[in-house]
Amino acid sequence: MILFRTALVIFMLTTPLKANTIYDLIKIPNLEIYEINTENKLRYLYAAKPFKLGINVEYGQLKNIHCLNPNKKNLDSKYKIINKNLSRYSSNFLEKVNLKYIVLCENLSIGKINTAGIPNNLIRTMIFDIEFNENYFERAIHHEVFHIISDSYKELFNENEWKDFNKKNFKYTRCSTCNNKWNLELYSETKGFFTEYAKSTASEDMAEVFSHLMFYQGKIDNNDPIINKKIKFIKKNILKIDNNFKF
């Protein structure tokens, strides 16, 4: 019994300590550990209380990041889905692209605009909204992973080279939230783009191509020459990062 009590006290003391240590690394408050013993070495954390992050400056605008704490049942359910999808990325690949921490919360927003995820390769962290639209939830996981990848290897994912794949009269918008092109439903006729959201920026277009490759796993039957060029570009450059990567 004494041994059991001692072990219990040690557990209670070390668990908050680990959470505080992680806060020192990624600077996101109110987090607790959900799962850290994963095969690919990802560390899963969750919001024990709502959190608000510091401002993010984009195109001269100040944007706050907000997220709420999830309920236990929803957290357990969505963790299984997220872990299943992220388990496809090896620890070696994740280390190369600077992704280590996954933060799970609900109703994630940046600048009052809801979003599936927020990546930050500098602190090796991805925040996921586990309440994101069920129809696109799994695909969105891979979409956000791509942003971590491209932010870590900007030289491989040159946007000017990407833009040349499109028709000459097509122009992306200045930012992903600069218009209302947010629909993630797959086009029946692609014409160079998988979704309406892909038309917002070159970066979002790349992420949409990558997410479709990962989610559909080789089941994309497409005769669209522009899409095929984009697929080859993504595959070629991902394999430069890790030639063992599997789509």
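The coordinates are above.
Residues numbered from 1 in each chain as written. Predicted model: local features only at pLDDT ≥ 70, side-chain atom pairs only at ≥ 80, totals over all residues. Heavy atoms only, no water.

1. Focus on unusual backbone geometry
Working step 1: In this structure, Lys112 takes a positive phi of about 70° despite not being glycine.
Working step 2: By secondary structure assignment, the location of Lys112 is in the loop between β5 (101-110) and β6 (113-114).
Working step 3: Taking relative accessible area as the criterion, Lys112 reaches 80% and is therefore assigned exposed.
Working step 4: Positive phi values are uncommon outside glycine, yet Arg124 reaches one of about 55°.
Working step 5: The topology assignment puts Arg124 in the loop between β7 (117-120) and β8 (125-129). (Helix = DSSP H or I, 4+ residues; strand = E, 2+ residues; numbered from the N terminus. Buried < 20%, exposed > 50% of the residue type's maximum accessible area, 1.4 Å probe, protein only.)

2. Side note on helix α2 (residues 72-86)
Structural remark: α-helix, 3.6 residues per turn; residues separated by three or four positions point the same way.
Working step 1: With 15 residues, α2 should reach 21 Å at 1.5 Å per residue; the first-to-last C-alpha distance of 20 Å fits that figure.
Working step 2: Every buried residue belonging to α2 is among Asn74, Leu75, Lys78, Tyr79, Ile82, Asn85 and Leu86, and all of these are buried.
Working step 3: Close packing links the buried residues of α2 with β1 (31-35), β2 (43-47), β5, β8 and α4 (137-152).
Working step 4: Two to three positions downstream of the cap, the backbone nitrogen of Lys73 sits 3.2 Å from a side-chain oxygen, assigning the N-cap of α2 to Asn71. (Expected span 1.5 Å × (residues − 1). Contact = heavy atoms within 4.5 Å. Polar contact = N/O pair within 3.5 Å; in protein donor to acceptor, adjacent residues only side chain to side chain.)

3. Description of the packing of α2 against α4
Working step 1: The geometry of α2 relative to α4 is characterised by a closest axis approach of 10 Å and an angle of 50° between their N-to-C directions. Relative to α4, the element α2 lies oblique. In the crossing of α2 with α4, the sense of the turn from one axis to the other is right-handed. Along the contact surface, α2 presents Lys78, Ile81, Ile82, Lys84, Asn85 and Leu86, while α4 presents Phe137, Glu138, Ile141, His142 and Val145.
Working step 2: Grouping the amino acids of the contact of α2 with α4 by side-chain chemistry returns 6 nonpolar, 2 polar and 3 charged. (Axes fitted to C-alpha atoms, helices over the stretch in contact; angles between N-to-C directions. Parallel < 35°, antiparallel > 145°, perpendicular 65-115°, else oblique. Left-handed = near helix turned anticlockwise from the far one by under 90°. Nonpolar A, V, L, I, M, F, W, Y, C, P; charged D, E, K, R; others polar.)

4. Observations concerning the pattern of salt bridges
Working step 1: One pass over the full model with this rule turns up 6 salt bridges.
Working step 2: Among the salt bridges present, the one from Lys78 reaches Glu134, with a minimum N-O distance of 3.1 Å. You can see Lys78 sitting in helix α2 and its partner Glu134 sitting in the loop between β8 and α4, a full 56 residues away along the chain.
Working step 3: The closest approach of N and O atoms between Lys84 and Glu138, which form a salt bridge, is 2.9 Å. Remark: Glu138 occurs in helix α4 and Lys84 occurs in helix α2; sequence separation between them is 54 residues.
Working step 4: With a relative accessible area of 24%, Glu138 lands in the partly exposed category. (Salt bridge = Lys/Arg side-chain N within 4 Å of Asp/Glu carboxyl O.)

5. A short note on the environment of Asn40
Working step 1: In this structure, Asn40 sits in the loop between β1 and β2.
Working step 2: The class of Asn40 is buried, set by a relative accessible area of 8%.
Working step 3: Separated by 47 residues in the primary sequence, Asn40 and Ser87 have C-alpha atoms spaced 6.6 Å apart.
Working step 4: Once residues lying within four places of it in the same chain are set aside, the contact partners of Asn40 are Leu86, Ser87, Tyr89, Ser90, Ser91 and Leu94.
Working step 5: Within polar-contact distance, the side chain of Asn40 engages the backbone oxygen of Tyr89 at 3.0 Å.

6. Details of helix α6 (residues 202-216)
Working step 1: In this model α6 runs 21 Å from its N-terminal to its C-terminal C-alpha over 15 residues, within 8% of the 21 Å that 1.5 Å per residue would give.
Working step 2: Of all 15 residues that make up α6, 12 are buried, and the element is covered over most of its length.
Working step 3: Within α6, the full set of buried residues consists of Ala202, Glu204, Asp205, Met206, Ala207, Glu208, Val209, Phe210, Ser211, His212, Leu213 and Met214.
Working step 4: Close packing links the buried residues of α6 with α4, α5 (159-163) and α7 (225-241).

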